[in-house]
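# Working through the structure, step by step
The lines below spell out each chain.
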Amino acid sequence: MNERNGWLLLLLALLLFALVACSGDSEEASKDDTDSDNTETGEDSGEVFTYHFFDASGPGEDINTAETTLGKMFEEETGVNFDIEHIVGDVNQKIGTMIASGEYPTLLNAEQSTDAVIDAGGFIPLNDLIDEYAPNLKEMYAPYLEMMKRDDGNIYVISSGAAHGYKKPANLNQGAWWIKRDVLKELGYPEPKTLDQYFDIIEEYTTANPQIDGADTIGFTALTHDWRFFALSNQPMHLAGYPNDGGALIDMGTQEAEVYNDKDITKRWLQKLNEVNDKGLFDQESFTQNYDEYLAKITSGRVVGFFDYRWQAGQALNTLQEDDDPYNDYMGFPVVFDEDVKDQYLDPTGFTASPGIGITVGTPEEDQIRIIKFLDHMAKEESQKLITWGIEGETYEVDEDGRYYRTEEQIEETSKTEFRDSFGFSTLEWGWPRMNGEYADGNAVEPPKQEEVASMMYDEGDQEFLDAYEIDTFTGLFSEPDERPWYPAYDAPIETGSEAQLYEQQLDDLMKRKFPEIIFADPGEFDQQWGAYAEEFSGLPKEAYEKVITDFVQNKAKLMESSKE
């Protein structure tokens, strides 16, 4: 053996070592990768393959999917489970570290950093995998496959919420102006329709009740932490009668986008907060509290009102619903600037291509196939019914006409966080392949949207407020959504490093720096503070952003129309 051959053998050994080390996240997967060149699934071999899934969509308890009832069923049927790791801390920083190092989990939901991961080449294209191994995914997402493709023609992530028809929800899951029920009861069940009326209620109650359970009453708090700053900056859009299209208003006629952060509606919103702050009604910790502290504050019962999306404040609101005091709960209202504005808080039928879950670069082909087959299994209609309704005879029943319903006991049990966690609803019902609307048999995908369930899910405490406001469900005060075929516009991909992306980043930085100064300013200095903000805003490349959104909206509207043909 000469020196050259020795080096070659050493190099070969190192390459073999690297291939083995990178061949999967799990001990089982690694073992399989070294033993077999075949793409054998766990379903075929009886082996179980565990993969690492990093979920940046929100905090939560890290868990293996097989630790839940549903996850165990899926493991037995596919031979695959996932170790789910949730985000802790700053999303952009965490995902940025992955991009910089090139070290990714096998499955990734990068949330708002999805475009950055795609631009960095962090996700693999899914087109061929879907074509070859995922007929159920293909069928579920059929109307949206073209919208899921990026400019290069590739699909990199699979999102939740492939709409198949529209069912008006009985309960809110989107944006609303929340007021504590105890407040509503004490003041004779007022119905705020405008922003002024909403804060009049908060002021009247807080003045009469400066403390709640021995702690200072908080009139209005806001969520501004990290990427969730939109929970404070989106309000002008909603107050003006638009749905959540993100950073721009979309003209219904021309389908052109126009940013609103420098418009009178934003000035009017900030001036109201400045006024509210001057009256001592605005939470002084709104710009310093993190997401967990915000949720804890709502759960404490000290907060009179706040604006947020139900899905984002759900952890706190669910906790309050599970106690025995119905007056600790909150009720949401569709508040607008003026009474002649039609509210648009309920989402129209739409599709969001991003964020979603994607398989990352470096994942061996056999693992890619196992994962896509797992996702395809989830996309089967029977799996979707397991994910949303559960198990017939345990978590729901079927009447002689094939209609699904739940008994009072099943409604109570499936509403408990502990049960939802152990069964797998919490882990698997969102963030994975998921449809919305109606199943082929006419039953609602989501039980709360099924009339038979909605009519039974309210207890005596709920009914008191439904009766007081003369509505049948808690969305009864909200207008039906107008049709917007592009919805939502915030789904538009923004290329990393582009002028549009620069606008988004600079606007985010500007709002986070200037909004506290504007809101906390002496009212006599408001115009000066607003003027300084508006002057800085005028230097941002908003036209580039508006063009990207307009192009996306108009193209998506065309695709939606063509998918109906």
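Conventions adopted
- Residues numbered from 1 in each chain as written.
- Predicted model: local features only at pLDDT ≥ 70, side-chain atom pairs only at ≥ 80, totals over all residues.
- Heavy atoms only, no water.
- Helix = DSSP H or I, 4+ residues; strand = E, 2+ residues; numbered from the N terminus.
- Buried < 20%, exposed > 50% of the residue type's maximum accessible area, 1.4 Å probe, protein only.
- Polar contact = N/O pair within 3.5 Å; in protein donor to acceptor, adjacent residues only side chain to side chain.
- Contact = heavy atoms within 4.5 Å.
- Pairing = 2+ DSSP bridges.
- Axes fitted to C-alpha atoms, helices over the stretch in contact; angles between N-to-C directions.
- Parallel < 35°, antiparallel > 145°, perpendicular 65-115°, else oblique.
- Salt bridge = Lys/Arg side-chain N within 4 Å of Asp/Glu carboxyl O.

To continue, consider the side chain of Asn-244. Locating Asn-244 in the fold gives a position in the loop between helix H13 (235-239) and strand E10 (248-250). What makes Asn-244 buried here is its relative accessible area of 11%. Separated by 3.3 Å, the side chains of Asn-244 and Asn-234 make a polar contact. Looking at Asn-244, its side chain comes within polar contact range of the main-chain nitrogen of Gly-246, at 3.2 Å. Once residues within four sequence positions are removed from consideration, Asn-244 is found in contact with Asn-234, Met-237, His-238, Tyr-309, Tyr-487, Pro-488 and Tyr-490.

The sheet built from five strands is open, its strands ordered E2-E3-E1-E4-E14 with mixed pairing. A single partner strand is all that each edge strand has here, and the edge strands are strand E2 (63-64) and strand E14 (357-359). Across three bridges, the pairing between strand E1 (residues 49-55) and strand E4 (residues 107-109) is parallel. Opposite Phe-54, over in E4, you have Leu-108 as the bridge partner. Relative to the sheet, helix H5 (residues 91-101) contacts E1, strand E3 (80-86) and E4, its axis offset from that of E1 by approximately 125 degrees.

Moving residue by residue along a regular strand, the side chains alternate between the two faces of the sheet. Burial runs high along E3: five of the seven residues are buried. Pairing analysis gives seven bridges linking E1 to E3, with the strands arranged parallel. Across the sheet, the residue bridging to Phe-54 is Glu-85, located in E3. The pairing of E2 with E3 spans two bridges and is antiparallel. Within the sheet, the bridge partner assigned to Ile-63 lies in E3 and is Ile-84.

So, about the packing of helix H14 (residues 264-278) against helix H24 (residues 499-520). Across the interface, H14 lies against H24 with an axial gap of 7 Å and an inter-helix angle of 50 degrees. Comparing their axes, H24 and H14 come out oblique. Where H14 abuts H24, its residues Thr-266, Leu-270, Leu-273, Asn-274 and Asn-277 lie against Phe-515, Ile-518, Ile-519 and Phe-520.

What follows concerns the pattern of salt bridges. Here the idea is simple: oppositely charged side chains can pair when their charged atoms come close. Throughout the structure, instances matching the rule amount to 31 salt bridges. Across the pair Arg-403 and Glu-451 runs a salt bridge, and its minimum N-O distance is 3.3 Å. Pair noted here: Arg-403 is in the loop between strand E15 (397-398) and strand E16 (404-405) and Glu-451 is in helix H22 (residues 451-454), with a separation of 48 residues, a long-range link. Overall, Glu-451 belongs to the partly exposed group, its relative accessible area being 47%. With a shortest N-O distance of 3.0 Å, Arg-434 and Glu-446 are connected by a salt bridge.

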